[in-house]
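Geometric and topological summary
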Amino acid sequence: MRTVHVVAAALINADNHVLVAQRPAGKSLAGLWEFPGGKIEAHETPEAALVRELAEELGLTITPGNLHPLTFVSHAYPDFHLVMLLYTCHHWTGTPIGDEGQPLQWGSAATLAMLPMPPADVPLLKALSHHLA
């Protein structure tokens, strides 16, 4: 089974709410809410990959120094194994806009816990909840 390494961000605004994006129709796990991010390319550090992904997906400019490692998850899907690193970020430039028109939502930790999320994202909520407390 192949292992896929990805990075994700908990973008935290001044109200202590976190941004999530809904997976678009036609993609695996469509309709579920997830932390924005993506795959780490072979030549990238996790931080560089996250800076690139957030620029591509949301139109945000983030400096690597504003990314802070929070936790990670290791999850076995039927056809691959996912290792996801979650970073927090409180400072960025720009207003998040979904590049594929996907809905975005800001929510508290309690609100996020009620949203349908991919199985790999769910365990991240506990560490995020502690961080936001």
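Let me sum up the structure you'll find in this document. (Residues numbered from 1 in each chain as written. Predicted model: local features only at pLDDT ≥ 70, side-chain atom pairs only at ≥ 80, totals over all residues. Heavy atoms only, no water.)

Counting its secondary structure elements, the chain contains three helices and seven strands. The N-to-C order of helical and strand elements in the chain reads β-β-β-β-α-β-β-β-α-α. Each principal axis of the C-alpha atoms in the chain carries an extent, and together these give about 40 × 35 × 30 Å. Across the 133 residues in the chain, those meeting the buried criterion constitute 41%. Here the analysis covers contacts within the chain between residues at least 6 apart in sequence; of these, 66% occur between residues at least 24 apart. Accessible surface, the chain as shown: approximately 6,800 Å² in total, 58% of it carbon and sulfur. If you average the places of the 6 positive and of the 12 negative side-chain charges in the chain, the two averages end up 7 Å apart. (Helix = DSSP H or I, 4+ residues; strand = E, 2+ residues; numbered from the N terminus. Buried < 20%, exposed > 50% of the residue type's maximum accessible area, 1.4 Å probe, protein only. Contact = heavy atoms within 4.5 Å. Areas by Shrake-Rupley, 256 points an atom, 1.4 Å probe, with all protein chains shown as cover. Lys, Arg positive; Asp, Glu negative; His and termini not counted. Charge placed at Lys NZ, Arg CZ, Asp CG, Glu CD.)

Let us now look at helix H3 (residues 124–132). Since the α-helix advances by 3.6 residues per turn, residues separated by three or four positions end up pointing in the same direction. Taken as a whole, H3 has its buried residues at Leu124, Leu125, Leu128 and Leu132. Down the axis, H3 shows its buried residues gathered within 90 degrees of arc, on one side only. Along H3, the residues that are exposed and aim more than 90 degrees away from the buried face are Lys126 and His130. Lining the buried residues of H3 we find strand E1 (3–11), strand E2 (18–22), strand E5 (68–76), strand E6 (81–89) and helix H2 (109–114). (Arc of directions from axis to C-beta.)

What the rule picks out here adds up to four salt bridges. With a shortest N-O distance of 2.6 Å, arginine 52 and glutamate 44 are connected by a salt bridge. Linking glutamate 56 and arginine 52 is a salt bridge whose minimum nitrogen-to-oxygen distance equals 3.3 Å. On the criterion of helical spacing, the pair formed by glutamate 56 and arginine 52 is a turn pair, its members being four residues apart in helix H1 (residues 46–58). Its relative accessible area of 45% is what places glutamate 56 among the partly exposed residues. In the salt-bridge network here, residues are joined through shared partners; they are Glu44, Arg52, Glu53 and Glu56. (Salt bridge = Lys/Arg side-chain N within 4 Å of Asp/Glu carboxyl O.)

This brings us to the sheet that holds strand E4 (residues 37–39). What links the strands of a sheet is backbone hydrogen bonding, and the strands pair in either a parallel or an antiparallel sense. Strand order in the open sheet formed by four strands is E4-E1-E6-E5, with mixed pairing between adjacent strands. Two strands bound the open sheet, and with one partner strand each, they are E4 and E5. Recorded for the sheet is a direction-independent mean angle of 20 degrees between the axes of neighbouring strands. Relative to E6, E1 runs parallel, the two being bridged by nine bridges. Among the inter-strand pairings, valine 6 is bridged to a residue of E6, identified as methionine 84. (Pairing = 2+ DSSP bridges. Axes fitted to C-alpha atoms, helices over the stretch in contact; angles between N-to-C directions.)

With seven of its nine residues buried, E1 lies for the most part within the structure. Across three bridges, E1 lies against E4 in antiparallel orientation. Bridging from a neighbouring strand, valine 6 pairs with lysine 39 of E4.

A large share of E6 lies buried, amounting to seven of its nine residues. One ladder, built from eight bridges, connects E5 with E6; its direction is antiparallel. Across the sheet, residue valine 73 finds its bridge partner in E6, namely methionine 84. Linking two consecutive strands that pair antiparallel, namely E5 and E6, is a turn of four residues.

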